[in-house]
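Chain and residue survey
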Amino acid sequence: MARPVMIALLGVDGSGRTNQAKALAERLRRRGVRARYFENAGGRPLWNRLARALGRADGLALFGRTVHPALEATVRAAAMARTVAVARLTGRVAVLDRWTWCQDVIKAARGDRRRRVAARRGRR
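Heads up: these notes are all about the structure in this document. All values reported here derive from a predicted model rather than from experimental measurement.

Structural notes on the environment of A51
- Inspection of the secondary structure puts A51 in helix α2 (residues 44–53).
- What makes A51 buried here is its relative accessible area of 0%.
- Along the primary structure A51 and L62 are separated by 11 residues, whereas in three dimensions their C-alpha atoms are 5.6 Å apart.
- Ignoring anything within four residues of it in the chain, the contact list for A51 reads R56, D58, G59 and L62.

Structure below.
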């Protein structure tokens with residue numbers, strides 16, 4: 001089994017990471033490299049829609065400051081495992097719009113004391 005090649009673009013929210021990752025995957029494909037863009041989603045839009053449907057402001061208000069980050073980190077860890085598996089099984093270059101360190105930096109900036117638990121879960 002081939003070792004997966006993964007390229008992760010890092011940066012804070014709104015820095016253009018997603019657009020650049022999609023463009024990079026497309027450029028690689030045009031040059032004959034088997035590449036695929038992978039979103040490292042944490043489910044935030046889904047949780048926010050669910051929260052609004054239940055009369056809450058957002059996912060954080062629905063799940064709370066303890067469960068919401070753990071839930072998001074778990075979903076991200078599953079997305080990363082999927083990315084590694086697909087890259088390994090297909091031989092494609094995986095281009096990601098974030099890696100777990102992005103969330104760790106944001107959580108640190110916000111003073112989230114539980115960020116270490118989420119970071120460990122995401123680095124598996």
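Remarks on α2
- All of the buried residues in α2 are W47, N48 and A51. Down the axis of α2, the sector holding all buried residues measures 100 degrees, keeping them to one side. In this structure, α2 carries P45, R49 and A53 as exposed residues pointing more than 90 degrees from its buried face.
- At its buried positions, α2 is contacted by α3 (59–90).
- Of the residues flanking the end of α2, it is G55, one or two places downstream, whose phi is positive at about 85 degrees.

Conventions adopted
- Residues numbered from 1 in each chain as written.
- Predicted model: local features only at pLDDT ≥ 70, side-chain atom pairs only at ≥ 80, totals over all residues.
- Heavy atoms only, no water.
- Helix = DSSP H or I, 4+ residues; strand = E, 2+ residues; numbered from the N terminus.
- Buried < 20%, exposed > 50% of the residue type's maximum accessible area, 1.4 Å probe, protein only.
- Contact = heavy atoms within 4.5 Å.
- Arc of directions from axis to C-beta.

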